[in-house]
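Residue-level listing of the chains:
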Amino acid sequence: YVAALFFFATVGADWTESDGWLGPAHECEWFKLQCDDELRIVRIGVDENGLAGTIPPELCALPELYSIDVDDNKITGTIPEDIGACRSLRVLDLDQNQLTGFLPDSLYTIDSMTSIDVDSNSLQGTLNPKIGDLINLKYLSIHSNDFTGQIPQELQSLQELGIAYLDLNQFTGAVAPEICTLTTDFQLREITTDCNGAPPKVQCSCCLNCSEAGSESELRLRRLIEEMAVSISGAAATTVGTPQQRAVAWLQDDAVQNRREDIVAPCALRQRYVTTVLYFSLGGENWVHNANFLTAADECEWEDLVTEVKADGEENIKRVGLVCDQQIAEGKCITRIILGDNNLSGDFPEEITELNNMLLIDMDNNAITSTIPSKIGNRLPTLRIFDVDNNQLTGTLPASLFKAQTEIVDVDTNFLVGPLSGLFNAPNLEYFSAYNNLLTGVIPSGAFAKMTKLGTLYLDDNQFTGSLGQQVCDLTAGNLKSLVVDCSITRPSEDCGTCQ
């Protein structure tokens with residue numbers, strides 16, 4: 001009910017994308033809704049999606065909701081007065097909308113709050129001193145509104161605060177010296193106020209935009225990069241120590257030093273951010289080959305040329321890194337990630353799905369953990385080859401991987417579970433290797449029978465049940481030269497592939 005109400009309250013019929021919403025599937029499968037293992041909604045992340053209307057207060061009826069992320073839309077009205085009823089809320093991301101009114105007093109009663117991002121609206125009123133009660137707050141961005149009064153000294157209590165963007169408001173007075181001690185003794189990396197002008201509206205001895213620490217243009221670029229990263233990665237982009245936050249910090253310095261300013265084009269700073277997250281997420285400092293990564297070179301040059309010697313003594317030059325062979329008006333786009341057998345370790349970064357010109361992902365023979373993003377095939381519409389065998393991946397094999405253009409899916413020797421689904425959408429598949437996993441259910445013989453180009457099919461060492469259809473066996477008279485299933489699977493005849 002609450003999810004459907006949110007859809008109607010924000011004019012869901014006009015959203016840019018609304019895959020699954022109000023459909024027969026469980027609401028946990030609706031576009032940009034995230035649930036926990038008990039199928040309770042924990043995150044609403046429909047940002048940059050053409051939302052209008054208002055925020056319904058009924059969202060707080062979702063007891064486990066920890067993130068409301070609907071920035072960069074056209075939402076009007078006010079922040080619900082009883083937002084404090086969202087007792088599990090950690091992230092409130094409403095920036096770049098058309099909100100009016102005040103920050104509700106109840107907001108300051110949510111002890112779990114880590115991020116308040118409401119900049120670029122038309123909010124007004126004073127900043128309640130009770131903000132000092134939010135001792136877990138790490139990110140506060142309220143710039144570009146109409147807040148008045150003085151900046152409360154109670155901010156000094158926020159020892160976890162890393163970012164405080166307070167400028168482009170109507171604040172007056174001075175920033176208390178006790179607040180400035182957060183920049184030297186605790187986590188505060190950036191604080192901004194309206195401290196320029198003659199005389200300035202706000203006096204501040206530690207604010208980044210009124211000291212030698214950075215010019216207005218540099219500050220603006222740093223902020224835009226952070227906001228871009230938050231739009232991609234959510235709160236992880238501002239959580240100290242995460243791969244995403246480390247990528248933001250590196251990219252801010254890199255962009256300032258090398259005058260990179262395009263945060264809009266998909267193959268400019270957005271692409272550079274994603275590849276930097278890839279580096280930090282998968283332990284780039286420990287890779288066997290990481291030449292040029294995190295240097296001033298264009299990310300399309302983050303690659304190494306490796307000489308391999310074959311068994312017959314012949315030498316072969318192999319590229320390891322990133323490859324760009326798609327040119328658009330805004331620059332070169334990454335189309336291939338080639339990092340196989342390179343000592344990668346860590347969770348599969350979902351940010352990869354932002355590289356929507358991708359043709360090939362080759363990261364086999366590593367130690368990559370966590371799950372494959374469920375929407376990877378939808379977000380990467382041109383992906384042809386997905387090669388991640390010999391890793392430590394868990395979860396299900398996403399149905400979205402299987403598209404008309406898909407040629408190779410190599411996921412053997414992981415810990416994947418569940419049935420195979422979506423294969424009917426991949427009639428041009430040439431190679432499918434899923435052996436040595438924990439896959440269950442029946443083998444979708446009907447889907448494989450339509451793959452007339454299929455040359456290799458490895459399904460053994462799983463937990464499939466039932467039989468192999470004759471129509472799959474018929475393919476062995478054509479292109480299908482390698483077919484292996486478990487011996488527990490009934491085959492129409494002994495010459496229909498082999499069993500292990």
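Rules of the game
- Residues numbered from 1 in each chain as written.
- Predicted model: local features only at pLDDT ≥ 70, side-chain atom pairs only at ≥ 80, totals over all residues.
- Heavy atoms only, no water.
- Patch = residues over 30% accessible without salt bridge, like charges linked within 9 Å, V, L, I, M, F, W, Y side chains within 5 Å.
- Areas by Shrake-Rupley, 256 points an atom, 1.4 Å probe, with all protein chains shown as cover.
- Salt bridge = Lys/Arg side-chain N within 4 Å of Asp/Glu carboxyl O.
- Helix = DSSP H or I, 4+ residues; strand = E, 2+ residues; numbered from the N terminus.
- Pairing = 2+ DSSP bridges.
- Lys, Arg positive; Asp, Glu negative; His and termini not counted.
- Charge placed at Lys NZ, Arg CZ, Asp CG, Glu CD.
- Buried < 20%, exposed > 50% of the residue type's maximum accessible area, 1.4 Å probe, protein only.
- Phe/Tyr/Trp six-rings, centres within 6.5 Å; stacked < 30°, edge-to-face > 60°.

**A few points about a nonpolar patch on the surface**
Residues F415, V417 and L438 make up a contiguous nonpolar surface patch of roughly 240 Å² in combined accessible area. With respect to the helices, strands and loops of the structure, V417 is situated in strand β21 (residues 417-418).

**A closer look at the sheet that holds strand β25 (residues 463-465)**
Judged by pairing direction, the sheet is parallel, and its 3 strands sit side by side in the order β21-β23-β25 without closing on themselves. The open sheet has two edge strands, β21 and β25, and neither has a second partner.

**Things to note about a negative patch on the surface**
A surface patch of like charges, here negative, comprises E58, E81, D82 and D105. Along the polypeptide, D82 turns up in the loop between β3 (67-69) and β4 (91-93). Under the relative-accessibility criterion, D82 is labelled partly exposed at 40%.

**Some details on the pattern of salt bridges**
Scanning the model with the defined rule gives 17 salt bridges in all. Salt-bridge contacts for E354 lead to R270; the nearest nitrogen and oxygen are separated by 3.3 Å. One end of the pair, E354, is in the loop between β16 (345-347) and β17 (360-362); the other, R270, is in helix α5 (residues 269-281), and 84 residues separate them in sequence. E299 is the salt-bridge partner of R272, the closest N and O atoms lying 2.8 Å from each other. Remark: E299 occurs in the loop between α5 and β13 (303-309) and R272 occurs in helix α5; sequence separation between them is 27 residues. One exposure class covers both R272 and E299, and it is buried.

**A word on the packing of aromatic side chains**
Under the criterion given, the structure shown has 20 aromatic pairs. Relative to W21, the ring of F6 lies with its centre 6.2 Å away and its plane at 40°, an arrangement referred to as tilted. On the criterion of sequence distance, the pair formed by F6 in helix α1 (residues 2-9) and W21 in the loop between α1 and β1 (33-35) is long-range, its members being 15 residues apart. Note on accessibility: F6 and W21 belong to one class, buried. Both rings, one in F7 and one in W21, keep their centres 5.8 Å apart while their planes meet at 20°; by these two values the pair is stacked. Of this pair, F7 sits in helix α1 while W21 sits in the loop between α1 and β1, placing them 14 residues apart in sequence.

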